[in-house]
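Coordinates in review
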Amino acid sequence: MTDTKTGVPSASLNGLLAAVGTLVHSLRKEKGMTLAQLAEDAGLSPAIVSQIERGKANPSFITLAQLAHGLEIPVGRFFLGHEGPASPVVRGTGRRNLKGVTRESVGEAAHELLTPDQNGLLEAQWIVSPPGHNTSETPFRHSGEEFGIILSGKIDIYLDGERHILEAGDSITYASTVPHWYVNRYEESCVAVWVSTPPAR
């Protein structure tokens, strides 16, 4: 059977709604929010939030945007990784663009997903930071741990204001709870692989 409003097969639609509901529920719990708190922050009724979490509602894009605002995540997070079982292999030509999906994929840097999805315990990204890339105005701070290794170029990593200059072959590990930001003040792009646990949403 096919849903007459969306044109999507009912089984696929049900699976998608269940996946969105599970994600909303897990993110809400991760942030220590009650259902009522999320509903208030998102400008929605507790009843509709409850239905979405249980996979019983088909939310509009505007409703998802309101939920994303309440959860303080990019709305694109709801649309990543719902294509069914993922292959364990990610081809170089098939990496997902994370622009605007994760909190650190900002500015002119290119962020591509190296892991099949963001549903596991860790996430790996291929990051290319062009000359002039600077995130010092919006330091990042979130739960988890990060590891990065520089493949080519050079970049400055700041951890709570302390500058670390990394070149090709250098790596760094730090708690994501420490305010951190990145600056490429050099003449060539910096290519790096970054691993986060849990995934940087």
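Keep in mind that what you see is a predicted model, and the values were worked out from it rather than measured. (Residues numbered from 1 in each chain as written. Predicted model: local features only at pLDDT ≥ 70, side-chain atom pairs only at ≥ 80, totals over all residues. Heavy atoms only, no water.)

Let's shift gears to the overall build of the protein. Secondary structure summary: the protein contains four helices and nine strands in total. When the helices and strands of the protein are read in sequence order from the N terminus, they spell out α-α-α-α-β-β-β-β-β-β-β-β-β. For the protein, with 201 residues in total, the buried portion stands at 39%. Once local pairs closer than 6 in sequence are excluded, the contacts in the protein between residues at least 24 apart make up 60%. Only carbon and sulfur atoms are counted for the fraction: they give 54% of the accessible area of the protein, which is about 10,700 Å². (Helix = DSSP H or I, 4+ residues; strand = E, 2+ residues; numbered from the N terminus. Buried < 20%, exposed > 50% of the residue type's maximum accessible area, 1.4 Å probe, protein only. Contact = heavy atoms within 4.5 Å. Areas by Shrake-Rupley, 256 points an atom, 1.4 Å probe, with all protein chains shown as cover.)

On average, the protein scores 85 in pLDDT, and the residues at 70 or more come to 87%. Of the regions scoring below 50 in pLDDT, residues 1-9 engages in twelve contacts with residues more than four places distant in sequence or in other chains. (pLDDT = per-residue confidence, 0-100.)

What you see with strand 7 (residues 171-175) is a clean split: I172 and Y174 sit on the buried side and S171, T173 and A175 on the side with no burial. Relative to strand 7, strand 4 (residues 145-152) runs antiparallel, the two being bridged by five bridges. Considered in strand 7, the bridge of G148 is made with I172. (Pairing = 2+ DSSP bridges.)

Next up on the list: the sheet that holds strand 3 (residues 123-129). The six strands lie next to each other as 1-2-3-9-4-7, forming an open sheet whose pairing is antiparallel. The open sheet terminates on both sides in strands that have one partner only, identified here as strand 1 (96-97) and strand 7. One ladder, built from seven bridges, connects strand 3 with strand 9 (residues 190-197); its direction is antiparallel. Residue pairing in the sheet places W126 in a bridge with V193 of strand 9.

To continue, consider the side chain of H180. Along the chain, H180 falls in strand 8 (residues 180-183). Accessibility expressed as a relative area gives 0% for H180, which makes it buried. Of the polar contacts made by the side chain of H180, one reaches the backbone oxygen of V178; its length is 2.7 Å. Apart from residues lying up to four places away in sequence, H180 is in contact with E104, P139, F140, R141, H142, E146, Y158, L159 and Y174. (Polar contact = N/O pair within 3.5 Å; in protein donor to acceptor, adjacent residues only side chain to side chain.)

Here T197 and P198 are connected by a cis peptide whose omega angle stands at -5 degrees. Take P198: it is sitting in the segment after strand 9. A positive phi angle, near 60 degrees, is found at E72, a position not held by glycine. Of note, E72 is situated in the loop between helix 4 (61-71) and strand 1. The class of E72 is exposed, set by a relative accessible area of 66%. A positive phi angle, near 55 degrees, is found at D160, a position not held by glycine. The exposure class of D160 is exposed, given its relative accessible area of 58%.

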